[in-house]
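# A closer look at the structure
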Amino acid sequence: MGGGKSARAACDGWVCFEDEAGFTRRPPRGRTWGRRGITPVVKVSGSRSGRVSVAGLIAVRPGSRTRLSHRIRRHTGRKGERRSLSERDYIGLIDGIHHLVKAPIVLVWDRLNTHVSYALRDLIGARDWLTVFILPAYAPDLNPVEWLWAHVKRSLANLSSVAVDPLEALVRNRLKRLQYRPDILDGFLTGTGLSLDLPPPSP
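Residues numbered from 1 in each chain as written. Predicted model: local features only at pLDDT ≥ 70, side-chain atom pairs only at ≥ 80, totals over all residues. Heavy atoms only, no water.

What follows concerns the overall build of the chain. Assigned secondary structure in the chain consists of five helices and five strands. Each helix and strand of the chain, placed in order from N terminus to C terminus, yields the pattern β-β-β-α-β-α-β-α-α-α. Among the 203 residues that make up the chain, the fraction classed as buried is 37%. Partitioning the intrachain contacts of the chain with sequence separation of at least 6 by distance along the chain shows that 76% fall at a separation of at least 24. When the accessible area of the chain is evaluated, it comes to approximately 12500 Å², of which 52% is carbon and sulfur surface. (Helix = DSSP H or I, 4+ residues; strand = E, 2+ residues; numbered from the N terminus. Buried < 20%, exposed > 50% of the residue type's maximum accessible area, 1.4 Å probe, protein only. Contact = heavy atoms within 4.5 Å. Areas by Shrake-Rupley, 256 points an atom, 1.4 Å probe, with all protein chains shown as cover.)

The backbone of Lys 102 shows a phi angle near 50°, a positive value even though the residue is not glycine. Following the sequence through the fold, Lys 102 ends up in the loop between α1 (87–101) and β4 (105–109). For Lys 102, a relative accessible area of 64% gives the class exposed.

As a volume, the second largest pocket reaches approximately 180 Å³. Surrounding the second largest pocket, Asp 19, Asp 110, Arg 111, Leu 135, Pro 136, Ala 137, Tyr 138, Ala 139, Pro 140, Asn 143 and Glu 146 form its lining. Its residues assigned to classes, the lining of the second largest pocket comprises six nonpolar, one polar and four charged. (1 Å grid on protein atoms, 1.4 Å probe; cavity = no way out; pocket = protein on both sides within 12 Å on 5 of 7 lines; lining within 4 Å. Points joined across faces, edges and corners; volume = space filled by probe spheres on them. Nonpolar A, V, L, I, M, F, W, Y, C, P; charged D, E, K, R; others polar.)

Following the criterion strictly, the structure yields seven salt bridges and no others. With its nearest N and O atoms 3.0 Å apart, the salt bridge here joins Arg 172 to Glu 168. Of this pair, Arg 172 and Glu 168 are both found in helix α4 (residues 164–179), four residues apart, which corresponds to roughly one turn of the helix. Residue classification places Arg 172 among the partly exposed positions, given a relative accessible area of 38%. Shared partners join several salt bridges into a network, and the residues in it are Arg 74, Asp 165, Glu 168 and Arg 172. (Salt bridge = Lys/Arg side-chain N within 4 Å of Asp/Glu carboxyl O.)

In this section: the side chain of Glu 168. Since its relative accessible area comes to 11%, Glu 168 is described here as buried. With near-sequence residues (within four places) excluded, Glu 168 lies in contact with Val 52, Ile 72 and Arg 74.

We now examine the confidence of the model for the chain. Summarising the model, the chain shows a mean pLDDT of 85, and 83% of its residues fall at 70 or more. Across the chain, the secondary-structure element scoring lowest on mean pLDDT is α4, at 92, and the one scoring highest is α1, at 96. (pLDDT = per-residue confidence, 0-100.)

What follows is the structure, given as structure tokens:
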């Protein structure tokens, strides 16, 4: 993608991993302590209307502080409302991180329909500083943003039912905290088993 641009031209830039997740009013399950024989119970609403969609991007470069950027869309469930992030949302996220790091970007993400749409291909092709690689199918373990979502959802486990607006605020709060914790972001990359260190020169 990106008009045949070479990754070699981006060697002095940042490698960015992107993925998306959805959060609903029904919280993920979690573990907790409780008295023997008494199972803790968290009551939640049966309503499933409304959700929060988030695109997250982790940007890494050897010798630089790892960065986290994100874009959030709230869906209220109204008729005719888009239920997912659009091409403009994704390109806005990418433009935002490029404006922040002011360097070429190598973007790595999956084959989501929106990622490979003709509209997004055109937007990517118009940016000579952007090179895109597609992850192999069924390889979420290679994307550190998957570890990010697991971390955020674990922090929201067993949360009592809230409206969509407070849920969005909670997600924003969790992500904002992580923006100031590059050590944790580095841990997500370590969890994938990937390394960005250049191999030593051959003798």
